[in-house]
Amino acid sequence: YKIVTQYEIKYFIEEGDNVMKNTCVEKIVINRAEKNIIGQFEYDIKHKNIKKNIVLFIHGSGESDKDGTVYFSNRIVSKNFKIISDELLRNGVSTFRFNKNYGYQIDKIVQDAICVTKYLKNRNDVDKIYIYGWSEGVRVIANIIKEVDGINGLILQSGVAKGWNSYFKYILEELVTMELEKIDRDNDGLVNISDFERYEFNSSSVSFAFNTMLLRKASDGILKFNDRIDTNSDGVINIKKDWGNVAKQIGDNSLNISNYVENFFLDSWNGDLDIFSKFGKPVFILHGINDGWINPVESVEFAKKINKNIDIKLFPGLGHSLQKVKSPLEDIGGEIDTEAIESILKWVMLQIRKDIG
């Protein structure tokens, strides 16, 4: 990678351009062979000429900008990176956020994140670096700490510890099965295609599984089940036999999902527990008990493996984005809860005080 060759510094004394009051913003361009990385380094204007403690934000899966903006049906669901960053800035902690260049090309995502981290390490005005990763960002962080020494702490939110098998086992075997049993109102163990005609789809993992795996549109536009699951082509699914067998196959080997979803790219990733166990610096783990994408047990596995210098907080009533949600089946994303933000801030400030001490 190449160190920054172009940057622009703006000072905001009054609020404007979606930037907090009294904040100094450096618009950073890091030159890369394929795509330049566009980032934003923010800090209190009082810290302009001193070394700064910084939190670097690493995205979850899919397309994302520096704010961690999540959309559904052309509506903004959340901008949680921006919300967390602003709270850190209000308390004197600098932040670096960048636009994600790639949605699902994990090797390129990792290399961009490593490049950004090395850039920050090479800045003369950066002191301590803490890295915050959400969801797949936890996997990205594992690769960062393999390549870059001297990271002072990690914040791991809603991450997968044991790889894709565990991820799909939770969604398909547990959550989708629970939803199918709810749809089966007469409790005969069967669901009919007509049960989905008025089904309200949303951005939950269950709806995602229904749309990508279970349901198809016939040539005449009529809704039907996936022929590879509804092998009798009679518009009826046996929850235990038809769906249960498919879910178990994928939970045992995630690559089997390609048998049921066309053009589905997936690598055979088996988790990063050993990498984190060797990190040796403070780690803060956060997870919502009502997470509808990643089982909270994954974060417990992280904590058990890391063992030392670990803090973990599980939040009842919060989902994958640490937003309020009643059930994992209803986890459609949303704005991060104030309790979670306060927990992140408190942990970061404690680490900075310890490092100073």
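Before reading on, note that the structure itself is shown above.
Residues numbered from 1 in each chain as written. Predicted model: local features only at pLDDT ≥ 70, side-chain atom pairs only at ≥ 80, totals over all residues. Heavy atoms only, no water.

Residue-level account of the overall build of the protein, with values.
Within the protein, the regular secondary structure consists of nine helices and 15 strands. Counting only C-alpha atoms and orienting by the principal axes, one finds that the protein spans roughly 70 × 45 × 35 Å. Out of the 357 residues in the protein, the part that is buried amounts to 54%. The contacts in the protein between residues at least 6 apart in sequence include a share of 67% that link residues at least 24 apart. Here the protein displays about 17,100 Å² of accessible surface, and carbon together with sulfur accounts for 46% of that area. In the protein, 47 side chains carry a positive charge and 51 a negative one; their mean positions are 7 Å apart. (Helix = DSSP H or I, 4+ residues; strand = E, 2+ residues; numbered from the N terminus. Buried < 20%, exposed > 50% of the residue type's maximum accessible area, 1.4 Å probe, protein only. Contact = heavy atoms within 4.5 Å. Areas by Shrake-Rupley, 256 points an atom, 1.4 Å probe, with all protein chains shown as cover. Lys, Arg positive; Asp, Glu negative; His and termini not counted. Charge placed at Lys NZ, Arg CZ, Asp CG, Glu CD.)

Could you give me a rundown of the packing of aromatic side chains, with the residues and numbers involved?
Counted under the stated rule, the structure contains 19 aromatic pairs. Between the aromatic rings of F196 and F210, the centroid separation amounts to 5.2 Å while the plane-to-plane angle is 90°, which identifies the pairing as edge-to-face. Here F210 lies in helix α5 (residues 205-214) and F196 lies in the loop between β10 (190-192) and α5, a separation of 14 residues in the sequence. For the ring pair F208 and W293, a centre distance of 6.1 Å and an interplane angle of 50° mean the geometry is tilted. Residue F208 is found in helix α5, and its partner W293 is found in the loop between β14 (283-288) and α8 (297-306); the two are separated by 85 residues along the sequence. Members of the aromatic cluster, each reached through a chain of ring pairs, are F196, Y199, F201, F210 and F225. Lying across the ring of Y43, K52 places its NZ or CZ 4.6 Å from the centre. (Phe/Tyr/Trp six-rings, centres within 6.5 Å; stacked < 30°, edge-to-face > 60°. Lys NZ or Arg CZ within 6 Å of the ring centre and 35° of its normal.)

Pulling in residues and values, what's your account of the pairing of strand β3 (residues 37-44)?
Burial of β3 is extensive: seven of the eight residues sit out of reach of the surface. Pairing of strand β2 (residues 23-30) with β3 involves eight bridges; the strand directions are antiparallel. Pairing of V29 across the sheet is with I38, part of β3. In the sheet, β3 pairs with strand β7 (residues 94-98) via four bridges, with the strands oriented antiparallel. What sits directly across from F41, in β7, is F96. (Pairing = 2+ DSSP bridges.)

Could you give me a rundown of unusual backbone geometry, with the residues and numbers involved?
For S135, which is not a glycine, the phi torsion comes out positive at approximately 60°. Position of S135 among the secondary structure elements: in the loop between β8 (126-134) and α3 (136-147). Among the residues examined, S135 registers a relative accessible area of 11% and is labelled buried. With a phi close to 55°, N309 is a non-glycine residue in the positive phi region. If you trace the backbone, N309 turns up in the loop between α8 and β15 (310-315).

Could you give an account of the packing of helix α4 (residues 164-183) against α5, naming the residues involved and the relevant values?
Taken N-terminus to C-terminus, the directions of α4 and α5 make an angle of 90°; their axes are 10 Å apart at the nearest point. Classed by the angle they form, the pair α4 and α5 counts as roughly perpendicular. Residues I171, L172, L175, V176, E179, L180 and I183 of α4 touch α5, and the partners they reach there are S205, V206, A209, F210, M213 and L214. Residue composition of the contact of α4 with α5, by class: 11 nonpolar, one polar and one charged. (Axes fitted to C-alpha atoms, helices over the stretch in contact; angles between N-to-C directions. Parallel < 35°, antiparallel > 145°, perpendicular 65-115°, else oblique. Nonpolar A, V, L, I, M, F, W, Y, C, P; charged D, E, K, R; others polar.)

Explain the pattern of salt bridges to me, using residue names and the numbers behind them.
Across all of its chains, the model carries 21 salt bridges by this definition. Residues E87 and R90 are paired through a salt bridge, measuring 3.0 Å at the closest nitrogen-oxygen approach. Of the two residues, E87 and R90 both sit in helix α1 (residues 80-90), three residues apart, roughly one turn of that helix. For E87, a relative accessible area of 23% corresponds to the partly exposed category. (Salt bridge = Lys/Arg side-chain N within 4 Å of Asp/Glu carboxyl O.)

Before we move on, can you summarise the nonpolar core with the specific residues and values?
Side chains that are nonpolar tend, in soluble globular proteins, to be buried together. With 43 residues, the main nonpolar core has I58, F96, I131, L154 and F276 as its most contacted residues. No other element matches the nine residues that helix α2 (residues 106-121) contributes to this core. Residues within four places of F96 in sequence aside, it is in contact with I28, G39, Q40, F41, I54, V55, L56, F57, V116, Y119 and L120. (Core = buried A, V, L, I, M, F, W, Y, C linked by side-chain atoms within 4.5 Å.)

Tell me about the packing of α4 against helix α6 (residues 239-252), and name the residues and values.
Two elements in contact, α4 and α6, have axes whose closest approach is 7 Å; the angle formed by their N-to-C orientations is 165°. Classified by the angle their axes make, α4 and α6 are roughly antiparallel. Where α4 crosses over α6, the two elements pack in a sense that is right-handed. Residues N165, F168, K169, L172, E173, V176, T177, L180 and E181 of α4 form the contact with α6, whose participating residues are I239, W243, A247, K248, I250, G251 and D252. (Left-handed = near helix turned anticlockwise from the far one by under 90°.)

Could you give me a rundown of a nonpolar patch on the surface, with the residues and numbers involved?
Together, I289, V300, I312 and L314 give the surface a local cluster of nonpolar side chains, amounting to about 270 Å² of exposed area. Looking at where I312 falls in the secondary structure, it is placed in strand β15. (Patch = residues over 30% accessible without salt bridge, like charges linked within 9 Å, V, L, I, M, F, W, Y side chains within 5 Å.)

Quick rundown of α8? Include the residues and the values.
Buried within α8 we find E298, S299, E301, F302, A303 and I306. Turning to α8, the residues buried within the fold contact α3, α4, α7 (273-277), β14 and β15. Positive backbone phi, approximately 70°, marks N307, located one or two places after α8.

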